[in-house]
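# Per-entry structural report
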Amino acid sequence: MSTGPLDRARNAMEGRTSETGFDHELYRLFPTHRPRPEGEVEELEKIWDNPTGWGLLTVVNNNYIGFFYVAAAFLFFLLAGILALGMRVQLAAPLQDFLPPDTYNRFFTMHGTVMMFLFAVPMVEAIGIMLLPQMLAARDLPFPRLSAYAFWAYFVGGLCFFASIFVGWRPMAAGSCIRHSHR
Amino acid sequence: MRDYRNDIDWLTPTLALCVWAAHFLLLWAASIVFPDQPVARWIAAILTLPALGAMWWLCRRGDVTSWVSIPGLGITIAVVGILFSLLPAIVG
Amino acid sequence: MYPPLTSLTYSPGINTDFWLLGIGFIEISAIAGAIEIIVGVLRTRAPGMTLDRMPMFAWAMLVFAVMIVIAFPSVILGTLLLELERAFNWPFFDPARGGDPLLWQHLFWFFGHPEVYIIFLPAAGLMSMMVATVARTELVGYRLNVLALVATGFISFGVWAHHMFATGMPRVSTGYFSAASMAVSLPAGIQVFCWIATLAAGKIRWSTPALFVVGSIGIFVMGGLTGVMVGMVPFDWQVHDTYFIVAHLHYVLLGGMVFPMFAAFYYWNGMTSKNALSERMGKWVFWLMFTGLHVTFLPMHLTGFMGMPRRVYTYLPDRGLDLLNLVSTIGAFVIAAGVLLFLFDLARRFRFTTSEDAGNVYGGGTLEWLPTGMYSTRSIPLVRSREPLWDDPDICDDVAEGRYFLPNTVTGLRETIITSPINAEPQYLQLMPGPSPWPIGAAVFTAAFFLALTVQAYAFSAFAGVVALVCVLRWLWETDRPIQQETADIGAGIVVPIAITGPSSHGWWALNTLMVVMGMIVFMAIFSYLYLYGINPEVWIAPPSLPQTAGIAALLVLALGSARLSRRILASKPKGAFPGQAPWLMAAIGAALLGAAIWWDWTGWSGAGLDPTASGQGATVFALLAFQACTVAIAGIMALYLGYRSGRGLLVGPSNVTLDVVVRFIGYAALQGLACALVVRLFPGG
């Protein structure tokens with residue numbers, strides 16, 4: 001693993017020139033030694049506190065938005081996976097009638113589209129929103145409300161898109177140039 | 001824990017990959033502007049020369065002496081990509 | 001979703017429109033996310049975290065975000081054009097009128113292939129971090145891995161037409177894509193070898209994440225090998241649209257993304273949940289999923305070779321396909337059992353929390369494992385190495401006791417430190433917003449606007465659009481507020497400004513990214529124009545006269561000048577002084593000039609006899625004009641907003657973020673207008 005504890009007195013930026021004119025010698029001041037005043041943590045908690053109940057809809061902090069995002073993407077993963085199970089039941093034996101051709105076409109169109117567009121990219125983005133600020137030791141993403149907007153746009157749009165399969169409006173021709181029904 | 005003193009030259013391999021990208025796009029453009037015509041292959045062959053020239057210039061600019069370094073490896077990947085792209089024009 | 005199958009003739013009804021709508025939301029979401037990630041990774045790192053010390057996931061997300069910015073505009077344009085064709089009969093993809101169905105495929109796959117790398121690279125970044133912790137040693141070849149990420153990102157843009165090998169492209173063209181498809185396996189291979197070397201160099205602790213990590217390497221390599229196979233054109237002609245492709249894509253997606261995702265769920269669960277997930281059940285989850293995957297998808301290689309096509313609802317008996325399909329189905333249910341077990345464990349143990357989490361269960365060394373509360377870390381540490389928690393055993397205590405940067409709040413608001421892109425030197429303090437109803441309001445009403453348009457409820461659509469706009473403006477209204485304090489002590493007496501303006505501000509960088517996105521849309525639209533000209537030059541009519549073109553260009557140059565003058569005027573005022581009406585008026589004049597130019601451009605083409613429903617030229621030219629018109633409309637709204645802010649005294653010298661954004665956007669719109677106007681008028685000329 002490591003070769004031993006760091007020598008804290010050593011300058012963290014040895015050998016590097018300054019990019020902005022910031023004096024790297026200032027880094028030697030850390031970690032500081034004087035104890036911190038009382039009440040600082042409580043004040044931070046108060047400022048970063050988030051509403052509960054319906055107020056959760058207005059939250060912009062990356063921990064919450066990231067969690068909502070991961071949960072939503074995982075939900076779509078499960079839904080598209082169920083579609084896949086339906087397809088596999090239909091294909092388990094030849095000439096079955098479990099899913100008629102039209103329905104089958106809709107199933108595979110939605111399975112593919114939901115997996116690629118509502119699960120895969122949003123999931124990696126969601127993991128990024130959750131993890132990146134913590135990995136970089138930033139307090140939040142640079143534009144918290146933008147990430148909230150992005151999540152809700154995705155969630156509402158994705159739900160409507162997926163719901164279309166039940167309401168009678170569903171696309172039927174994912175990626176195929178060849179005739180897909182055999183009569 | 002090692003001490004990371006040296007700044008790696010990331011611009012050189014990035015520029016090398018940009019040269020690959022430009023070379024690829026121009027070759028492809030020629031192949032659809034002149035579909036199935038020999039002139040497309042000639043364009044490919046001719047464009048490869050300035051592309052490789054740009055690679056050599058990047059080596060000089062970045063003081064790259066060996067391919068066992070990040071800039072060197074980046075340039076190598078780009079050169080392999082460029083030569084591999086040329087192959088269909090010559091052989092295919 | 002290829003035209004002509006998705007054009008109005010063969011897909012009447014609003015099915016396809018709903019699909020296009022759904023994609024549209026993902027596009028918005030992804031672009032917004034990409035902007036956040038680029039600015040976040042480059043500007044909000046902890047001090048001392050040079051690019052060389054950044055976690056691999058941060059590198060992967062940076063490449064991911066840049067790829068989104070370059071690739072997504074292509075699908076945004078493609079879906080827009082298809083919707084325009086369906087709604088207004090503009091023949092982009094109708095060969096009878098000078099369009100080409102292959103254009104959609106080019107636009108889609110130029111996005112579509114980078115998209116799978118967009119999916120894979122972040123998962124690869126997660127893998128790199130988990131491999132290091134699982135093997136309990138530093139990642140072997142950190143810089144090689146970074147180079148591999150960047151090279152994969154680049155080369156993945158050169159392989160898109162390997163999805164189109166069976167469309168009759170010229171042979172040399174297919175050769176180029178075949179070569180690039182093989183070349184892209186080089187950097188991917190570098191990453192895999194780095195992971196294997198790390199696992200070999202360390203001592204693996206076989207936890208559930210370790211199983212998923214090692215399993216995913218194997219599965220992904222198998223998928224990658226079949227990928228190189230189908231990269232060879234004659235081989236692809238045999239297996240295109242058969243189950244061989246289904247096998248390939250599931251191996252790479254499941255091995256390259258889903259398994260790393262499950263590994264990540266187990267590995268980082270300790271950060272968000274009060275309880276760790278069960279290791280015992282986790283091993284069952286892994287083995288069920290791993291076994292199920294092979295049982296499902298390995299036979300598909302065979303069924304594909306035997307000729308079973310994709311997307312068929314059944315197949316004939318006695319072709320040898322019966323048993324193989326049955327085996328695949330059984331495998332699918334084994335995977336489902338694994339996922340079900342995971343869900344059961346999740347329901348039993350996962351309890352969301354932001355402060356009393358289960359902690360660093362697997363012993364990771366990077367900063368996300370610092371003790372955190374709702375406020376993230378109590379203080380922001382100085383970073384000295386790639387795995388700070390391994391190299392400094394006291395860092396957790398020091399951070400929790402506030403012995404580093406920003407141990408308190410300086411202004412009473414939410415804050416973080418903005419640092420420089422390469423060396424992460426502190427530059428200024430950023431003030432951040434708290435909970436707000438405007439983003440969700442804007443999102444819901446944007447969704448309502450587009451949904452209502454799709455079902456042709458125009459009145460409601462207009463209403464929703466207005467409400468969405470109001471939400472956005474109200475949201476923006478809270479930004480760029482004057483602050484009492486000018487500087488802040490971020491720890492140990494180090495003082496930095498609070499919020500800055502100009503090219504170093506994070507808002508500036510966000511606008512830059514947005515301009516690249518819009519520029520890419522225009523670039524792809526111009527490509528579409530040139531492509532259709534190449535296919536069907538005979539439908540092209542002569543452009544309007546050259547003096548008219550010069551006039552339009554002059555208006556646009558004046559608009560650009562007006563925007564720049566606005567900024568100059570504000571810069572000439574002393575600090576805090578109200579600059580009068582001049583700056584926002586100049587911006588408004590700029591927007592008005594843009595409006596005049598696009599009106600002239602549009603009527604000029606109509607006057608020259610160009611009909612958007614009649615030819616590929618008409619469709620692409622008017623698509624470019626329509627995009628410019630929308631951009632100009634946004635610029636107009638922005639100028640009015642600026643005027644309102646100026647009227648309320650919020651526009652003070654010498655520089656102001658809102659003014660910067662508005663005038664830079666107007667300047668960009670002028671340049672975009674020049675590109676849209678000049679290319680189609682000057683080429684091929686008349």
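Residues numbered from 1 in each chain as written. Chains lettered and ligands numbered in written order. Predicted model: local features only at pLDDT ≥ 70, side-chain atom pairs only at ≥ 80, totals over all residues. Heavy atoms only, no water.

## Points about the overall build of chain A
Regarding its fold elements, chain A presents four helices and zero strands. Burial statistics for chain A: of 183 residues in total, 59% are counted as buried. Sequence-distant contacts, at least 24 apart, represent 67% of the contacts inside chain A between residues at least 6 apart. Accessible surface, chain A as shown: approximately 7500 Å² in total, 62% of it carbon and sulfur. (Helix = DSSP H or I, 4+ residues; strand = E, 2+ residues; numbered from the N terminus. Buried < 20%, exposed > 50% of the residue type's maximum accessible area, 1.4 Å probe, protein only. Contact = heavy atoms within 4.5 Å. Areas by Shrake-Rupley, 256 points an atom, 1.4 Å probe, with all protein chains shown as cover.)

## A word on the overall build of chain C
Counting secondary structure elements, chain C contains 20 helices and six strands. Here the C-alpha radius of gyration of chain C, 28 Å, is about what a compact globule of 686 residues would show, namely 26 Å. For chain C, the spread of C-alpha atoms along the principal axes amounts to about 75 × 70 × 45 Å. The buried share among the 686 residues of chain C stands at 63%. (Rg over C-alpha atoms; globule rule 2.2 N^0.38 Å.)

## Looking at the interface of chain A and chain C
At the junction of the two partners, chain A supplies 117 residues and chain C supplies 152 residues. In this assembly, chain A packs against chain C so that about 12100 Å² is buried in total across both faces, 71% of it on carbon and sulfur atoms. If you look at where chain A meets chain C, you find two salt bridges. In this structure, Arg378 of chain C and Glu40 of chain A form a salt bridge, with 2.7 Å as the shortest nitrogen-oxygen distance. Listing elements by their share of the side of chain A that touches chain C, those giving two or more residues are helix H1 (40-48), helix H2 (62-91), helix H3 (101-135) and helix H4 (144-163) of chain A. Ranked by residues supplied to the side of chain A that touches chain C, first place goes to H3 of chain A with 23 residues. (Buried area = accessible area lost by both parts, 1.4 Å probe. Salt bridge = Lys/Arg side-chain N within 4 Å of Asp/Glu carboxyl O.)

## Some points on unusual backbone geometry
For the bond running from Pro3 of chain C to Pro4 of chain C, omega is 0 degrees, close enough to zero to count as cis. Omega for the bond connecting Phe683 of chain C with Pro684 of chain C falls within 30 degrees of zero, at -5 degrees, which places this linkage in the cis form. Looking at where Pro684 of chain C falls in the secondary structure, it is placed in the segment after helix H20 (657-682). Even without glycine at this site, Asp63 of chain B takes up a positive phi of about 55 degrees.

## Describing the nonpolar core
One broad rule of soluble globular proteins: the nonpolar side chains tend to lie buried together. Counting residues in each nonpolar core, the largest one holds 303 residues, and the members touching the most others are Met123 of chain A together with Phe262, Trp268 and Phe405 of chain C. The contacts of Phe262 of chain C, once residues within four sequence positions are left out, are Phe74 and Phe77 of chain A together with Phe212, Met289, Val339 and Phe342 of chain C. (Core = buried A, V, L, I, M, F, W, Y, C linked by side-chain atoms within 4.5 Å.)

## Topic: the confidence of the model for chain C
The pLDDT averaged across chain C works out to 93; a share of 100% of its residues lies at or above 70. In the model output, the complex is listed with pTM 0.94 alongside ipTM 0.94. (pLDDT = per-residue confidence, 0-100.)

## Quick word on the pattern of salt bridges
Evaluation of the coordinates by the stated rule reveals 16 salt bridges over all chains. Linking Arg36 of chain A and Glu40 of chain A is a salt bridge whose minimum nitrogen-to-oxygen distance equals 2.8 Å. A salt bridge links Asp345 of chain C to Arg349 of chain C; the nearest nitrogen and oxygen atoms lie 3.3 Å apart. Within this pair, Asp345 of chain C and its partner Arg349 of chain C are both found in helix H11 (residues 322-349), separated by four residues, close to a single helical turn.

## Details of a negative patch on the surface
On the surface, Glu38, Glu42, Glu45 and Asp49 of chain A cluster together into a negatively charged patch. Secondary-structure assignment places Glu42 of chain A in helix H1. (Patch = residues over 30% accessible without salt bridge, like charges linked within 9 Å, V, L, I, M, F, W, Y side chains within 5 Å. Lys, Arg positive; Asp, Glu negative; His and termini not counted. Charge placed at Lys NZ, Arg CZ, Asp CG, Glu CD.)

## Remarks on the side chain of Thr50 of chain C
Turning to its location among the elements, Thr50 of chain C is positioned in the loop between helix H1 (15-43) and helix H2 (56-88). Leave out the neighbours within four places in its chain, and Thr50 of chain C touches Met13 and Arg16 of chain A together with Arg45, Ile422, Asn423 and Ala424 of chain C.

## Here's the deal with the packing of helix H17 (residues 546-571) of chain C against H20 of chain C
All names here are of chain C. Interaxial distance between H17 and H20 falls to 9 Å at its minimum, and their mutual angle equals 165 degrees. Between H17 and H20, the crossing angle belongs to the class labelled roughly antiparallel. In this structure, H17 meets H20 at a crossing whose hand is left-handed. Classifying every residue of the contact of H17 with H20 gives 18 nonpolar, five polar and three charged. (Axes fitted to C-alpha atoms, helices over the stretch in contact; angles between N-to-C directions. Parallel < 35°, antiparallel > 145°, perpendicular 65-115°, else oblique. Left-handed = near helix turned anticlockwise from the far one by under 90°. Nonpolar A, V, L, I, M, F, W, Y, C, P; charged D, E, K, R; others polar.)

## A closer look at H20 of chain C
Along an α-helix, residues three or four apart share an orientation, since each turn contains 3.6 residues. If you check H20 of chain C, its first and last C-alpha atoms are 37 Å apart, about what 26 residues at 1.5 Å a residue would give, namely 38 Å. Summarising burial for H20 of chain C: 19 of the 26 residues are buried, a large majority. (Expected span 1.5 Å × (residues − 1).)

## Some details on H2 of chain C
Residues and elements named next belong to chain C. For H2, with 33 residues, the first-to-last C-alpha span of 47 Å sits near the 48 Å given by 1.5 Å per residue. Helix geometry: H2 is bent most strongly at Val69, by close to 30 degrees, with proline Pro73 lying one to four residues after it. At the exit of H2 stands Asn89, carrying a positive phi of roughly 65 degrees. (Bend = angle between axes of the 7 residues up to and from the residue.)

## Quick notes on the environment of Ala571 of chain C
Positionally, Ala571 of chain C belongs in helix H17. In sequence terms Ala571 of chain C and Pro583 of chain C are twelve residues apart; their C-alpha atoms lie 9.7 Å from each other.

## Some remarks on the environment of Pro88 of chain B
Tracing the backbone through its elements, the reader meets Pro88 of chain B in helix H3 (residues 70-91). Separated by 47 residues in sequence, Pro88 of chain B and Arg41 of chain B place their C-alpha atoms 8.6 Å apart. Contacts of Pro88 of chain B, omitting those with residues within four sequence positions, involve Arg41 of chain B together with Val172, Gly175, Tyr176 and Ala179 of chain C.

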